[in-house]
Amino acid sequence: MPDRFYVTTAISYPNGRPHIGHAYEAIATDAIARFQRMRGKEVFFLTGTDEHGLKMAQAARERDVTPAAFAEEMSAQFKAMDERLNISFDRFIRTTEPGHHKASQTLWQAMADRGDIYLGRYEGWYSVRDEAYYDEKELIEADSGEKLSPQGTPVDWTVEESWFFRLSAYQDRLLQHYRDHPDFIRPESRRNEVLRFVEGGLSDLSISRTSFDWGVKVPGSDDHVMYVWLDALTNYLTGIGYPEGGASWEQFWPADLHVIGKDVVRFHAVYWPAFLMSAGLPLPRQVFGHGWLLSRGEKMSKSVGNVVDPDDLANAFGVDPLRYFLLREVTFGQDGSYSPEAIVNRVNADLANSFGNLAQRTLSFIAKNCDGVLPTDGRSDPADEALLALVADVTRRDLPAHFESLQLSQGIEGWLKAVFACNQYIDSQAPWTLRKSDPERMKAVLAALFVAIRDLAVAIAPVIPDASAKLLDAMGVPAGERDFAALEDGGSYERLAASGFRLAAPAPIFPRLEAPAGN
Ligand code: ME8
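Quick summary incoming for the structure in this document. Here the structure is a predicted model, which is why all the values come from computation and not from measurement. Residue positions are given per chain, counting from 1 as you read along its sequence in written order. The predicted origin of the model limits local features to residues at a pLDDT of at least 70 and limits the giving and counting of side-chain atom pairs to 80 or more, whereas totals for whole chains, interfaces and linings rest on all residues. Think of the side-chain values as coming from all heavy atoms in the structure, minus any hydrogens and water.

### Quick notes on the overall build of the protein
Strands are runs of DSSP state E lasting at least 2 residues, helices are runs of H or I lasting at least 4, and numbering of each runs from the N terminus. Each helix and strand in the protein was counted, giving 18 helices and 17 strands. Dimensions of the protein, computed from C-alpha atoms along their principal axes, come out at roughly 90 × 55 × 40 Å. Exposed residues in this analysis have more than 50% of their type's maximum accessible area, buried residues have under 20%, and partly exposed residues fall in between, with area computed by a 1.4 Å probe over protein chains only. The buried share of the protein, reckoned over its 519 residues, is 57%. In what follows, a contact means two residues having at least one pair of non-hydrogen atoms within 4.5 Å. For the protein, long-range pairs separated by at least 24 residues make up 78% of all intrachain contacts whose partners lie at least 6 apart in sequence. If you sum the accessible surface of the protein, you get close to 21,300 Å²; carbon and sulfur atoms cover 49% of it. For the purpose of charge, His is not counted, nor are the chain termini; Lys and Arg are scored as positive and Asp and Glu as negative. Positions of charges follow a simple convention, taking NZ of Lys, CZ of Arg, CG of Asp or CD of Glu. Across the protein, the mean location of the 53 positive side-chain charges is 4 Å away from that of the 73 negative side-chain charges. The Shrake-Rupley method, run with a 1.4 Å probe sphere, supplies the accessible areas, and residue values consider only the shown protein chains as cover.

Okay, structure coming up:
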């Protein structure tokens, strides 16, 4: 039975169009999901939209539409973004689905049955933008004297009857869990933040609202809707069949990895495990808080006018170049910055000039000078073995190890070094000279390059799936030989050569990008 891997993104608030931060999270999670599939795991990849709460209700009111109609229209845009970016999700969940309401109510009931929910009155600060409650001591003061949340968003003094969750009772159990599972929160800096927060003491959490009705109804308490984060977090259960159960539920819970941004770590690493402990459900294995994507080093905001639509970037640069740039340039876990120039420079240097050029030079040489027949029985040399050993180390060992530990940019960096080594090899071996002077050596050089390019194309597929597939199609690599196990198969080149496959003159996979006008 294959290993299972259940991975999720956060579910986005569809209160505006998707932005590049949403695209970044989807792309990174997709690379992880694709990587795990290529490792032979059975993967379930869940993503979707978080459609309840005051923020959504207010956004709908501003547009004079019902929250349900607004959510429907906007959620479709997030799904379209995922499809445009080649995100291989298994399910796109919407929290307005009736099944999700039922799941949230079942979880609530399990927490209530444990004696962890009681009726009280909330008096305190609430940020609609963050959909979060804050303690007075957490607030910061703006220059104007106005109180703001630690994220810099406005807060309102809120007083209303509310159901509470006994979060305070979970402080010790949470701390024990973090100690027993040092990888539960990654990277280390986020783990430390959470430890400090929980060690500072936990207040009980208000988990229902009465001042609006756009949400999941609290069981047996019809004038209350659930706090949007309680319902939102439950999506990770709903997505695989809770509360009915069934094969997906049995196989995939607990989740292996929740990929989220740094601003929502508290909800995932404190509230979520406490809810699950209360309901008697196993906890996810890891919460990874990635960094913030900045536009030329600045936070994106509508007022600054630097919010970029991922669709425009994909149209301008191509989907795979955009994916490559984001995963290569931003160290996963840290903040990163992007600009059109940075995308152009990185993609031209790494993909067009290095990997693309390597593939183009080699494959068109074989097409032209060997009639497309893959050369065999050449005279090999230690240089060939050295190159193939280096490529094998990167594609079979280093890149998988880095991706396994979510060091995505480091994995890609190692891959690029192997691409450079191939380009040095082709320059020093000069097959165009060997063609006349030593055709037997030329054959061995071309065969080594073909194998190296194939292995590099397979290993980078999680990052640039379309380009990798196009290249492997052109190279005649069978669909069943495009995973990490296939890289271990020493006989596949000889088999392909013996099959009568003929390489056609390849079309360039990575056209050079032009620097954007006006910059
Ligand atoms: O937080 N750079 O939704 P959301 C990188 N509905 N990541 C970013 C980003 C940026 N500039 N801006 C946002 C929510 N994100 C909740 C989640 S999960 C049960 C509920 C990330 O639409 C953000 O950190 O505000 C989050 O992980 C995701 O995008 C959705 O953000």
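So much for the structure itself; the text now carries on.
### What to know about the side chain of Asp 30
Within the secondary structure, Asp 30 sits in helix α1 (residues 20-38). You can call Asp 30 buried: its relative accessible area is 0%. Within the structure, Asp 30 has its side chain in polar contact with the side chain of Arg 34 (distance 2.7 Å). Within 3.5 Å is the distance limit for a polar contact, defined as a pair of N or O atoms, with the added protein rule that one can donate a hydrogen and the other accept it, and that residues adjacent in sequence qualify only through two side-chain atoms.

### What to know about the nonpolar core
What tends to happen in soluble globular proteins is that the nonpolar side chains get buried as a cluster. We call a set of buried residues a nonpolar core when its members are Ala, Val, Leu, Ile, Met, Phe, Trp, Tyr or Cys and they connect through side-chain atoms within 4.5 Å of each other. Judged by nonpolar contacts, the single largest core of 100 residues is most densely connected at Ile 20, Phe 332, Phe 355, Trp 415 and Phe 450. The dominant element in this core, judged by the number of residues it contributes, is helix α16 (residues 439-459), at 14 residues. Those residues in contact with Phe 355 that lie beyond four places of it in its chain are Asp 350, Trp 415, Val 419, Ile 453, Leu 456, Ala 457, Leu 471 and Phe 510. Formed by 80 residues, the second largest nonpolar core is a distinct cluster that contains Ile 207, Val 218, Ala 255 and Ala 274.

### Structural notes on α1
Helix span, expected: 1.5 Å multiplied by one less than the number of residues in the helix. The first and last C-alpha atoms of α1 sit 26 Å apart over 19 residues, in line with the 27 Å expected at 1.5 Å per residue. With 18 of its 19 residues buried, α1 lies for the most part within the structure. Where α1 ends, the next residue or the one after it, Gly 40, has phi of about 95°, a positive value.

### Some thoughts on the sheet that holds strand β15 (residues 287-290)
Only strands joined by at least two bridges in the DSSP assignment are considered to pair. In space, the 6 strands of this open sheet follow the order β3-β2-β1-β14-β15-β9, with parallel pairing throughout. With partners counted over all chains shown, the strands left at the sheet margins are β3 (91-94) and β9 (185-186), one partner each. In this structure, strand β14 (residues 257-261) lies alongside β15, joined through 4 bridges in parallel fashion. The partner of His 258 across the bridge, within β15, is Val 287. Its contacts with the sheet place helix α3 (residues 67-84) against β2 (42-49) and β3, and it is angled at close to 160° to β3. Helix axes are fitted only over the stretch in contact, all axes being lines through C-alpha atoms; the angle between N-to-C directions runs from 0 to 180 degrees.

### Focus: the site of the ligand
By nearness alone, 24 residues border the ligand, and Ile 11, His 22, Glu 25, Asp 50 and Asp 263 come closest of all. In this structure, a nitrogen atom belonging to the ligand sits 2.7 Å away from a main-chain N or O atom of Ile 11. Between the ligand and Asp 50, the relevant distance is 2.7 Å, taken from a nitrogen atom to a side-chain nitrogen or oxygen of the residue. The protein chains hide 94% of the 660 Å² of surface that the ligand would expose on its own. Where the shell around the ligand is concerned, the elements lending two or more residues are α1, α7 (228-238) and β14. Per-class residue counts for the shell around the ligand are 12 nonpolar, 9 polar and 3 charged. Throughout this document, a residue counts as near a molecule or strand when at least one of its heavy atoms sits within 4 Å of that molecule or strand. Residues are grouped as follows: Ala, Val, Leu, Ile, Met, Phe, Trp, Tyr, Cys and Pro are nonpolar; Asp, Glu, Lys and Arg are charged; all remaining types, including Gly, are polar.

Note that all results are geometric; they support no functional claim without further evidence.
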